[in-house]
Structures are given as C-alpha cells and as structure tokens.
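# Structural overview for review
Each chain is listed here by its residues.
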Amino acid sequence: MAISSSTAILAVNIHQDSAPIRSEQRFQIPLFGKKSQFKCIESGGFKLPKRTQRHVVSKTNESLLSNLAAPELGKQNEQENEESSEKRRLADCWREIAGANDWAGMLDPIDPILRSELIRYGEMVQACYDSFDYDLYSSYCGSCRFIRRQFFQELGMGDCGYEVSRYLYATSTANLTKFFKKSRWPKVWSESANWIGYVAVSNDETSARLGRRDIVVSWRGTVTNLEWVEDMNTFLSPISADKIPCPDPTVRVESGFLDLYTAKDKNCRFCKYSAREQILTEVKRLIEMYPNEELSITMTGHSLGSALATLSAYDVVETGTNVRSDGRTVPVCVYSFAGPRVGNMRFRDRVERLGLKVLRVLNIHDIVPKSPGLFFNESMPRVVAKVVEEQPWCYSHVGVRLELDHKSSPFLRPEEDVGNAHNLEAHLHLLDGYHGKGQKFALTTERDPALVNKSCDFLQDHLTVPPSWKQYENKGMVRTKDGRWILPERPKLDDHPDDMHLYLSKLGLSS
C-alpha cells in the first residue's frame, strides 16, 4: 500500500526513566489512507490522559520513527465516536459504564465512552508495573520506586485526577513464590513483603466530570513472566476457611489467590496486616470521609492482579463494607485485564447474587484466562457440569467477557507468543483499535503504539521500535560530587495509617 501524503501527529515515547530531556518535539509520521489525527475521545469532558513520556530527540531517532506508519483510522468510526461523545456525558451514564445493565449493547459495537474508561483504568494498572522495582540487585527490589504523595507525578500522570491514599503490601506465600521479587543483597527494605498496588481517590475536579467520587483499587500483576501460573495450586479452598464470611460453604476459590489475599507476617511492619485488612479498612475510611457524595468503588488489575481485584471486590460486597451507615449502597465494579479463573461455579453464582459487576477484557490467544480449570470449567456441557461442579478442580469465570484478538492489529506480529499475548500494554492498544467483532481495526486516540514494546517484543519489525525499551537509568545509581557512583537511600516507605485499629474494630476484624 502506498503511503499517503497526509500526516498525523503521533507522540513517540522512547525512554521513560532516562535523565530529563527538555524537548517536547513531536514527530510528523505518515499515515496510510485518508487524513486523520489521533484524536482523544472525551468522556463527558474527561479527556483520557496521554501517556507522554520524555522524548529522545535526535536525527537518528527521527529517521527510525518515520517508519512507524499507522493503518488508516476509520473516519466514519471517528465521526460516530465524536457525535456520541457530544450527546452523552460520562457523568450522566457512569452507572451503565460500570455495569448497571451488565454492559448490554455496549460491547459490540463497543461504546466509545466505555472504551475510553477501560483504557483509563488500564493505565492505572500499568502504573503499578511502571513504578515497581524489579531489580534483584537493588535493596528495594519488590517495593514501589516512588513515595505515595508523588506517585502519579513521577509517572508523568499528574493530570490523571486521582490521589493515592495508601499503598498495599502482601507477604510471600509458599504457593506463589515465583510471583514475588526479592533482592539478592543482605540488607533489604523488607524480608517478606512485596508492594502489590495502591488505593486512589478522584479529586474534586475529576469527580465532577465523572459524576461521582471514584475510589480505585489497582492491583499489580505480572508483565510477561508467567512462571507464577506454574505455582497456582490446582485445588480450590472454601472461601470461608480464611475468615471471609460466606453463607454457602460450597463457595470455593483458588487457594493461592486466597493465601496471597489473607496472609500476613506480624514481624514485618509492611505486611503485619493482610492485603484484605488493608483494603477493607481503607475502603471503609474513604466511604466515611465522603458521607454526602455519590461514590463508586472500582477494582482493577491485570493477570494475577485481576484475580485479586475480583476476590477483594467480592469481599467488599459480601461483608457489606460498601454499605453506608444510612443503608445506601456504593456500587462496586471490577475491570479485569487478562485475568485467570478465580473460583468455582458456586463462587460465580454468589457473585451474581450479590450484584457484583465484573467486566473481563482478554486476548483470545492468551493462556492465562484459560487457567486454571483448563478442561473442567464453565464451558462444559451442562450434563458434565452436574457431575463435576463440586470437585476441587472445576473452575468458572465470572462476569461479562470482552474478547480482543491481537491478530486484528496490523501493528502487532501475528505469531502466538505466550508472554506477548498476555501483555497489558498490548491489551490497551487492542482496546484503542477495537470497534466490534468483524470490524476493521482503527485507532481512536493519541495513545502511542510504541508503548506496546515497553517491556516486550511484539510490534512489527518495520516499525523499528526496539523491544523492552523502558529502562531505569543506571539502575538507580547516581554520581556524587567526588565522582563516585552510589545507590542512594530512598525516602522512608509508607506502611500503614495510624488509625488502622479503629477501622479494623469497626469492621469486626480486630484480633
């Protein structure tokens, strides 16, 4: 296909963690087909944040990036999205976007505001990966690289409209040892804890645009390393066995997820409270902080993190933590990206009975959403399900499914690489170009396709975007005035608020 003379502006992100680069130059990149701009969809005045990292500007880079050609953006789809956004505001339809009607009629074709919101929440999950310290030769391996109050600012997301209210920690368990990262150095920030996510709340301006104050719980998962799948116990455990109340003793969930959610180490200041206790107390505190406002609770995560998002959302609803003192209920929604099955069919039934809304976004070539329960799951014939549904190795997905296919994107290589198919940035790229089943892939926002290769090698070679380009500059080493290179101490990490015991007592969880 010949390259059109018409062009569009695309911000190309090369190196997120390099030394500050002042230039804000954007490259003119040719597009195929008709003239088009990567326009950002506004959801009722809420503009999707652009993940614009620092730009490396050189003649060499400009020459390479001129090859990053996008396919034709569907002009008709673009016009329809703009007209739809003008007629509807997120503030007026946020309950439908959060699954009040189980997303009926919103997935095929996809609702443009829903697409925008899914990408926005996906960005908040990606922030967990971008801020996590994976370096085994760092004393802070397994922690967050940034202090809580500067979290979004350090990631270039200062305009996202949310403030982090607390960090979340979990302790290593025997079932998921490969998921946890530990430093090789003798002196470390924690012997047993890993940073696993955060709780954030929308500020006043963003709350006005959203139509409510939004409480977000974002769980960290895995980028491309899927070794943790091997660690998953293939057996289900009763959810009530770990003190999570449930009137039905036959409701079971994967034991490794349950362990990770409820385990604690009294000798560690970061995980002396379980992830469960941290979540429930913070949600309770934030609900009490805004007694006269419309609220929502949004749980989101990728990979193993999506399993924790589903489990914690179930816990919030089952325990009634989302019920206010006057009896009003705060709606809870889960946006799951590339998540595995969490529990059995009774767990699915219980989730539906409680009215918990779950939307699962997945790539059909990804193996993680097919696990566990590869053979015995919700897709079995009813006759077979009747026989095996009570067995401890029979699983079921929950909620509504939105299927994507990476082979539909001309940006991505079509081969089925296990790690690439599971990558979160690839899922967000696919959402950006998805319009409905059978419809042509056409990007709708200014989201940079180069982000896909941030931590993997998935983009077509002719785009000349290097694989795994995101690097932490000098692995955190800095040069002192006398010319020596050292790894500086980081600011003291947040652990738990002083009023934890108060809210544990209110929830009946104090020991």
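Above this text sits the structure in question.
Residues numbered from 1 in each chain as written. Predicted model: local features only at pLDDT ≥ 70, side-chain atom pairs only at ≥ 80, totals over all residues. Heavy atoms only, no water.

Now for the overall build of the chain. The helix and strand tally for the chain stands at 15 helices and 15 strands. Taken across its 511 residues, the chain has 57% of its residues classed as buried. Sequence separation of at least 24 residues holds for 75% of the intrachain contacts in the chain that already meet a minimum separation of 6. Put simply, the chain shows about 21,600 Å² of open surface, and 49% of that area lies on carbon and sulfur atoms. (Helix = DSSP H or I, 4+ residues; strand = E, 2+ residues; numbered from the N terminus. Buried < 20%, exposed > 50% of the residue type's maximum accessible area, 1.4 Å probe, protein only. Contact = heavy atoms within 4.5 Å. Areas by Shrake-Rupley, 256 points an atom, 1.4 Å probe, with all protein chains shown as cover.)

Time to look at the environment of W94. Among the structural elements, W94 can be located in helix α3 (residues 90–97). When residues no more than four places from it in sequence are discounted, the contact partners of W94 are L210, G211, R212, E294, L295, S296 and P331.

Viewed as axis vectors pointing N to C, helix α4 (residues 112–131) and helix α14 (residues 424–433) meet at an angle of 165°, and their least axial separation amounts to 10 Å. One finds that α4 runs roughly antiparallel with respect to α14. The handedness of the crossing between α4 and α14 is left-handed. Contact residues: R115, L118, I119, G122, E123, V125, Q126 and Y129 in α4; L424, E425, L428, L431 and D432 in α14. Here the residues of the contact of α4 with α14 are counted per class, giving seven nonpolar, two polar and four charged. (Axes fitted to C-alpha atoms, helices over the stretch in contact; angles between N-to-C directions. Parallel < 35°, antiparallel > 145°, perpendicular 65-115°, else oblique. Left-handed = near helix turned anticlockwise from the far one by under 90°. Nonpolar A, V, L, I, M, F, W, Y, C, P; charged D, E, K, R; others polar.)

Moving on to unusual backbone geometry. A negative phi holds for most residues other than glycine; trans holds for most peptide bonds. Look at the link from D108 to P109: it is a cis peptide, with omega at 0°. Tracing the backbone shows P109 in the loop between α3 and α4. Looking along the chain, the bond that leaves S371 and enters P372 is cis, with omega of -20°. Topologically, P372 is positioned in the loop between β12 (357–363) and α12 (382–388). Positive phi, normally seen in glycine, also occurs at A338, with a value near 55°. Position of A338 among the secondary structure elements: in the loop between β11 (332–337) and α11 (345–354). Assessed through its relative accessible area of 0%, A338 is described here as buried. The phi torsion at S468 lies on the positive side, around 45°, for a residue other than glycine. Position of S468 relative to the elements: it lies in the loop between α14 and β14 (478–479). Residue class for S468 comes out partly exposed when judged on its relative accessible area of 32%.

The subject of this paragraph is helix α9 (residues 275–289). Spanning 15 residues, α9 covers 21 Å between terminal C-alpha atoms, matching the ideal 21 Å at 1.5 Å per step. Within α9, 13 of the 15 residues are buried, which leaves the element mostly enclosed by the surrounding structure. (Expected span 1.5 Å × (residues − 1).)

Looking at where H496 falls in the secondary structure, it is placed in the loop between β15 (485–486) and α15 (500–506). Within the structure, the side chain of H496 is placed 3.2 Å from the backbone oxygen of R269, a separation counted as a polar contact. For H496, the side chain forms a polar contact with the main-chain oxygen of F270, separated by 2.7 Å. (Polar contact = N/O pair within 3.5 Å; in protein donor to acceptor, adjacent residues only side chain to side chain.)

What follows concerns the pattern of salt bridges. All told, the structure shown has 30 salt bridges when counted by the stated rule. Note that R213 is salt-bridged to D204, the shortest N-O span being 2.7 Å. Given the relative accessible area of 6%, R213 is considered buried. Residue classification places D204 among the exposed residues on the basis of a relative accessible area of 56%. Measuring nitrogen to oxygen at the nearest pair gives 2.5 Å for the salt bridge that ties R269 to D495. One end of the pair, R269, is in the loop between α8 (255–262) and α9; the other, D495, is in the loop between β15 and α15, and 226 residues separate them in sequence. One salt-bridge network, held together by shared partners, links E123, D130, E425, R447 and K454. (Salt bridge = Lys/Arg side-chain N within 4 Å of Asp/Glu carboxyl O.)

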